[in-house]
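Given next are the chains, with one letter for each unit.
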Amino acid sequence: MRMVKKACPLAPQRLSNFSLKKEVVDILQTQTKEAGVCSGSVCGGSLMNIRRMSLAPRAPALILAHAKGFLDQYYRDIQGYDSAEHKARWQEVSRSVARRGTYDLTFDELVFGAKLAWRNAPRCIGRMQWKRLQVFDARHITTAKEMFEAICTHLEYATDGGNLRSTLTVFPQRLSGRRDFRVWNPQLIAYAGYRADDGSVTGDPAWADFTQVCQELGWQGGGGRFDVLPLVVSTPTEEPQVFDIPDDLVLRVALEHPKYDWFRELGLEWFALPAVSGMMLDCGGIEFTAAPFNGWYLSSEIASRDLCDAQRYNIIKEVGDKLGLDMRTPVTLWKDQAALEVNIAVLHSYQQAKVTLVDHHTVSESFMQFFANEHRERGGCPADWVWIVPPISGSLTPVFHQEMSLYYLKPAYEYQELAWVAFAKQNRMLSGEDGGLGGGRQRLSFRMVALVAWFSSVLYTRALSRRVRATILYATETGKSQTFAHDLADVFKSNFSVQVRNMKEYEASALKDERFVLLVVPTTGNGDPPLQAQDDPAHQVGSVRDNPGWRRPTYVQDLLLVDGREVYRQLVVEGGYIYMCGNDLVSEGVHKALRAILQDHGNLTEGEAEDLIARLKRGDTEPSSKCDWKWRGDTKPSNDYIWRDRAINFAVFALGSSNYKYFCAFGRYMDHLLGLVGGIRILKVSCGDDLDDQRKAFNRWSSGVLKAASEVFHMDGDLVQVEEEVTRPDQVKFSPVVQADFLVEGLIRAHKREVYQCVVVEMKTLYQRPLRWVGHMVLKPPQGHAQYDSGDHIGVLASNPREMVASVLRRLRNNPAADAPVRLLLRRQTGTWVPHPQLPATTLQELLARYVDLSAPPSQGLLFLLASCAANNQQEARLSALATDTQEYQKWRAAYCPSLPDVLSEFPSISVDAALLLARLPPLRPRFYSICSDRSVHGDRVHLTVGSIEFRAEGGKGPVHLGLASGFLKGLKAGDTLEVFRNKAPNFQLPEDPSLPIILVATGVGIAPFRSYWHNLNHRLKTTGEKRKVTLYFGCRSHEEDLYYEEKASMLRSGALTHTHLALSREPRLPKTYVKDLLLVDGREVYRQLVVEGGYIYMCGNDLVSEGVHKALRAILQDHGNLTEGEAEDLIARLKSKMLTNDDKRYSGYCYQCQGPPVNPRAGRVISSRSRSSHDDHRVQQRLKRSSREIAKYSTRKKERNKV
């Protein structure tokens, strides 16, 4: 911040009003702690941007000082100063700053601070309305797309059809060690200024520089005088993104004069909403670098400044000429007359358009009232006279005659570095090139920044004209696919016009306009697509898990029906062509699809549709009585008359884990589907294995697909080289830093999630036997983070055991000092060093403990690296063999399940460079656990059910292995802390209709989310009397493992659960029974609840349980729905419209709903769970006897049906 020591002592100041002959004394200025801008001999009051905030985050001590003053103000305002609540809050903030280096404002504190910052703004004349500011809290947002959507909501709310409302939207705060969230537009809405070669500007010259920034980011613009600029935003993890503001969100006012008709012919307009977006909200020591806010316009601001200023639109001469004024000399005051008429025109136009606007006389009187109120309530009012006095008729307004005292209070809205300049600076600072974040005061011109950060304007424009658009689609749950998608965009953006889209937000109908599509898609769990892709039309074609070989094929007529509305629009409304070529079977299918489309969207009967198609095939172009369209075709035979379109070039990168049977099934499925509909595959699908160096596979694929695409589209010039894999010590290094990132901020950077720290309140054991343990954990999240719904998950960020970390550290060389914070830098091919994209600045020991996975078996790529670091020839040979022989590697991994410390122990001659190993190790992934509590019952506590199974490798003879996360959680005790984030599961909620029955199927600790369900249902039953029919099927090994037995019995008594059934697979003296057996026994009732009553079924268990339940449901549909095996399979595939696989790699499940035969899916979800029964042993034995008979009967019927 540029400022000079204040010259004046902190003493009250007398202020005179020369018009009213009165004085007031400003004593509020004695409370300011902010430095002013004047020296003892020079006044800086007329400087423009006199207080520009630094790019460096505040030191924790300074944050704490600001927080103290702010909290005192807040609690004084709510009459709670020095109360127990005030003291507790101060202690909470102090602990947070000591631990994290920062803290989080509550929503009420944020609203209070935002309003107070407006009240304190010395340059604002419209502060009378400060109490009416509407605050939107967007601090949860993480992506540029979400920022854009939040700003659109802001614009819609604030504009309100012309009845403008003062609004502020607050995005996440500045944190150390990362770039800021920024809105690059200094104002949300502004007109472009296109600079010509001769220096002239078409449009608004004030925004010429920013227009150039937008153009260099790929925006074209229309070249007009009043083109609305796009919105440009950036996040800590994303490059700047450009979004066009929807036209319906920009309210424009055409300018006209009440007396002069020629004024309308000038073609002038202005927008309704003045929204400042380049300033920072500084509140309680927390800096919100993206906080757009708006009020409404002062008429003279538009008329005198925006339209008449010489450096803006400068219309004053044109208006003077139209008025016939003598413009030869200024003594005629022609400028004053012309400016006055422009002001009259603006006021008139906004009044006619019913858009909020205030004139300079009214607002001046309003300010004088505010000034008096502030002196009465606070003893002063900071005000900048230079800015308060209007730009027209200054001495005719009362503010002109009032002395004012300029000083600064916090909270405040502060000026900050231009976003595109700050972006370039922060990138250099984070890479260590600029002495650390916040170092340096060099002022960079726009041209210098443009040369450093972007392409040359001339080269970019020349290349842009030849570019092909490449659309990169991704779907993600953990964020990895999104990261890969943006990395792919970086590879392609030099040769293609690239857009990156989330499949969840992408309209499938837009594919028809694409020429080149790249997909980066993961497969979650046992062949399931990610949640974001489950609404995609491709997923509606068939279930991935039940369709790995595409058991249910898709035909062109299916796709025509899916896009029926669009097909009808193109053919009927736009009079388009349709061509088809195929055999008679295909021709008949397409014919039927077209007939159905004409019936559904053209309101024709079946006969009318058939007649119309027949006449159209004959070339009859007369319009139908019900369908005014023209057919464009020929009279070829029916198997050669329909459909042809421009082909889509595509390539797919599939992510998955070879731990699962259907490895990369969803990616392979998308590749198959795009090929099926006529797409041109430019490179075969590539699979990245989560267990075998996914990044290496991605780099190899991205390089290949770039080369293939350049050949297909005949790209000229040099291709961007994909960054080579880190394989040598000279490609990576540690850079010392002054201060380590706080753990939570580091985890946020690594996982791109809203990570927070919980306190373990309770930890108790539910079941424990040798090699098996189940526990119940209660967490207390920080204030404001206990917002969750039944079915949501907690992502647990575990730590590698200390012994593992110590054993790895002993085998490293070139280690930094144990307590020295460092940042890992990677060398690009250009020779520049950049920070590792996921790893924060901290000690090597913490990096190994919290950010990389030491427990996973090393990939073949990592073994190859370790082989090069082995001093013993025999050990090097063995490692090389494992690294190159995939079959031998798979056997070795399956037999020993070795962690990295195990490998280092087996091959003791290995000594590896610390930075190199850190760069190659896989990231430590979060483990997901279903929340087993309900907010309405358990308040701000979060309950988890945690289970762990220990095992011995080498056929039971090796050392004991324990799951990383479960072992970590098992070792926690009350009072310990745990870093987590919430994983929203909107598709896994209970159905809203209470009349629909619910079936819950669970095994083991999968009962967790169902526990949250029954507590929620019990609460509803007690408070509203809402009773539901809920049946629980739970499987476990023995009665001792029947989790939450007492709770389930209580829920049965209360009516929250209707029935519970228990399957025991290892109970002495009882035959083995599984949940699938109990479902078959109750097949008729299951069929009635699901199909006849349209109920829901939720299931969670491991893959074996899931497959068994699937087969049981298929048998039930066959037996009680009179379906063949294929029909039942097809029905289940369509009903599973929503799926989930737990990321802890142990449980998968599904939920779907039926509604009467013929069955049509109405909803679907998936979940994780476990449960237990209230039946006594005698009843269980009776049910098992019946179960055996039912299974035998089913097997006999199945054999007979197969023979037929």
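Right above here is the structure, for reference.
Residues numbered from 1 in each chain as written. Predicted model: local features only at pLDDT ≥ 70, side-chain atom pairs only at ≥ 80, totals over all residues. Heavy atoms only, no water.

1. Quick word on a negative patch on the surface
Thinking step 1. Together, Glu-156, Asp-244, Asp-247 and Asp-248 make up a negatively charged patch on the protein surface.
Thinking step 2. Its location among the elements puts Glu-156 in helix α4 (residues 144-159). (Patch = residues over 30% accessible without salt bridge, like charges linked within 9 Å, V, L, I, M, F, W, Y side chains within 5 Å. Areas by Shrake-Rupley, 256 points an atom, 1.4 Å probe, with all protein chains shown as cover. Salt bridge = Lys/Arg side-chain N within 4 Å of Asp/Glu carboxyl O. Lys, Arg positive; Asp, Glu negative; His and termini not counted. Charge placed at Lys NZ, Arg CZ, Asp CG, Glu CD. Helix = DSSP H or I, 4+ residues; strand = E, 2+ residues; numbered from the N terminus.)

2. What about the sheet that holds strand β24 (residues 732-736)?
Thinking step 1. Spatial ordering of the open sheet is given by β24-β29-β30, a layout of three strands whose pairing is antiparallel. Two strands bound the open sheet, and with one partner strand each, they are β24 and β30 (833-835). Strand-to-strand, the axes of this sheet are offset by a mean angle of 40°, without reference to chain direction.
Thinking step 2. Sheet topology places strand β29 (residues 822-827) next to β30; three bridges connect them, and they run antiparallel. The partner of Leu-826 across the bridge, within β30, is Val-834. (Pairing = 2+ DSSP bridges. Axes fitted to C-alpha atoms, helices over the stretch in contact; angles between N-to-C directions.)

3. Considerations on the pairing of strand β21 (residues 649-656)
Look at any regular strand and the pattern is simple: side chains alternate between the two faces of the sheet.
Thinking step 1. Counting buried positions along β21 yields eight of eight residues, so the element is predominantly enclosed.
Thinking step 2. Residues Asn-649, Ala-651, Phe-653 and Leu-655 of β21 are buried on one face, and the alternating residues Phe-650, Val-652, Ala-654 and Gly-656, pointing to the opposite face, are buried as well.
Thinking step 3. The pairing of strand β20 (residues 516-522) with β21 spans seven bridges and is classified as parallel. Bridge pairing links Leu-519 to Val-652 in β21.
Thinking step 4. In this sheet, strand β23 (residues 686-689) lies alongside β21 in parallel orientation, the contact comprising four bridges. Within β23, the residue paired with Leu-655 across the bridge is Gly-688. (Buried < 20%, exposed > 50% of the residue type's maximum accessible area, 1.4 Å probe, protein only.)

4. Observations concerning helix α2 (residues 84-100)
Thinking step 1. Compared with an ideal rise of 1.5 Å per residue, which puts 17 residues at 24 Å, α2 spans 24 Å between its outermost C-alpha atoms and is within 8% of the ideal.
Thinking step 2. When α2 is considered as a whole, its buried residues turn out to be His-86, Arg-89, Val-93, Ser-96, Val-97 and Arg-100. For α2, the arc enclosing every buried residue in end-on projection is 95°, short of the 170-degree limit, so these residues lie on one face. α2 presents Ala-84 and Ala-98 as exposed residues on the side facing more than 90 degrees away from its buried surface.
Thinking step 3. Next to the buried residues of α2 lie α1 (60-77), α3 (107-120) and α22 (743-751).
Thinking step 4. A positive phi of about 85° marks Gly-101, the residue just after α2. (Expected span 1.5 Å × (residues − 1). Arc of directions from axis to C-beta. Contact = heavy atoms within 4.5 Å.)

5. Here we look at the nonpolar core
Thinking step 1. Among the nonpolar cores identified, the biggest contains 55 residues, and Phe-263, Trp-270, Leu-307, Val-342 and Tyr-350 are the most heavily contacted of them.
Thinking step 2. Counting only elements with at least two residues in this core, the list comes to α4, β9 (231-235), β12 (269-271), α6 (299-307), α7 (316-323) and α8 (334-352).
Thinking step 3. The greatest single-element share of this core, amounting to eight residues, is contributed by α4.
Thinking step 4. Residues within four places of Tyr-350 in sequence aside, it is in contact with Val-253, Leu-255, Trp-270, Phe-271, Ala-272, Tyr-297, Ile-302, Val-355, Thr-356 and Leu-357.
Thinking step 5. Grouped together as the second largest cluster of nonpolar side chains are 52 residues, Leu-844, Leu-866, Ala-870 and Ala-914 included. (Core = buried A, V, L, I, M, F, W, Y, C linked by side-chain atoms within 4.5 Å.)

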